[in-house]
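Tertiary structure, described
Next come the chains, spelled out residue by residue.
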Amino acid sequence: MNKKALDPAWIESQLASARWQSASSGGQTCVEIAFLDQGIVALRDSKAPEKPAHLYTDAEYDAFVDGIMRGELRRP
C-alpha cells in the first residue's frame, strides 16, 4: 500500500466518517486512533482534531505496537 497514492478526497471522506477511539495517560495527553478502509490507520491528537491526522499502513502500525510490546520503544 502506497499511502502517497491515496486520493485526498477518499482520505477526507474516510476521516469524516471515522470512528475514533481514545487512549489517555493521566488525562493530559490523549491520542485517538481510527481504523480506515484499505488497511489505513489514522492517529490524531484529541485536543487538536482539526489538525491533520497521521496516516499509517496496517503493517506500519503493527510494527509500532509490536515494538512497544517488546519494550523497544522506551524513553532514555
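What this report covers is the structure whose coordinates are included nearby. What you see is a predicted model, and the numbers here were worked out from it, not measured in a lab.

The tendency in soluble globular proteins is for nonpolar side chains to be buried as a group. Leu 6, Trp 10, Ile 11, Ala 18, Trp 20, Ala 34, Leu 36, Ile 40 and Ala 42 together form the largest nonpolar core, which totals nine residues. Counting residues per element, the ones that place at least two in this core are helix H1 (8-16) and strand S3 (40-45).

Right, let's get into a nonpolar patch on the surface. Together, Phe 64, Ile 68, Met 69 and Leu 73 line one region of the surface with nonpolar side chains, adding up to about 450 Å² of accessible area. Counting through the fold element by element, Phe 64 comes out in helix H2 (residues 58-69).

Among the residues of H1, Trp 10, Ile 11 and Gln 14 are the ones counted as buried. The arc enclosing the buried residues of H1, seen along the axis, measures out at 100°, which places them on a common side. Turned more than 90 degrees from where H1 packs its buried face, Pro 8, Glu 12 and Ala 16 sit exposed. Against S3 and strand S4 (54-57) lie the buried residues of H1.

What follows concerns the packing of aromatic side chains. Across all of its chains, the model carries one aromatic pair by this definition. For the ring pair Phe 35 and Tyr 61, a centre distance of 5.7 Å and an interplane angle of 80° mean the geometry is edge-to-face. With Phe 35 in strand S2 (residues 29-35) and Tyr 61 in helix H2, the pair connects residues that are 26 residues apart, well separated along the chain. Here the basic side chain of Arg 44 rests over the ring of Trp 20, its NZ or CZ set 3.9 Å away from the ring centre.

Below, the discussion takes up unusual backbone geometry. Unusually for a residue other than glycine, Gln 38 sits at a positive phi of about 60°. Inspection of the secondary structure puts Gln 38 in the loop between S2 and S3.

Overall, the coordinates contain four salt bridges when judged by the stated rule. Note that Arg 44 and Glu 32 form a salt bridge whose closest N and O atoms lie 2.6 Å from each other. Taken together, the residues Arg 44 in strand S3 and Glu 32 in strand S2 connect sequence positions 12 residues apart. Judged by relative accessible area, Glu 32 falls into the buried class, the value being 12%.

Before going further, it helps to examine the side chain of Arg 44. At 2.6 Å, the side chain of Arg 44 and the side chain of Glu 32 are in polar contact. Residues contacting Arg 44, with those up to four places away along its chain left out, are Trp 20, Cys 30, Val 31, Glu 32, Pro 49 and Ala 53.

About the cut-offs
- Residues numbered from 1 in each chain as written.
- Predicted model: local features only at pLDDT ≥ 70, side-chain atom pairs only at ≥ 80, totals over all residues.
- Heavy atoms only, no water.
- Core = buried A, V, L, I, M, F, W, Y, C linked by side-chain atoms within 4.5 Å.
- Buried < 20%, exposed > 50% of the residue type's maximum accessible area, 1.4 Å probe, protein only.
- Helix = DSSP H or I, 4+ residues; strand = E, 2+ residues; numbered from the N terminus.
- Patch = residues over 30% accessible without salt bridge, like charges linked within 9 Å, V, L, I, M, F, W, Y side chains within 5 Å.
- Areas by Shrake-Rupley, 256 points an atom, 1.4 Å probe, with all protein chains shown as cover.
- Salt bridge = Lys/Arg side-chain N within 4 Å of Asp/Glu carboxyl O.
- Arc of directions from axis to C-beta.
- Contact = heavy atoms within 4.5 Å.
- Phe/Tyr/Trp six-rings, centres within 6.5 Å; stacked < 30°, edge-to-face > 60°.
- Lys NZ or Arg CZ within 6 Å of the ring centre and 35° of its normal.
- Polar contact = N/O pair within 3.5 Å; in protein donor to acceptor, adjacent residues only side chain to side chain.

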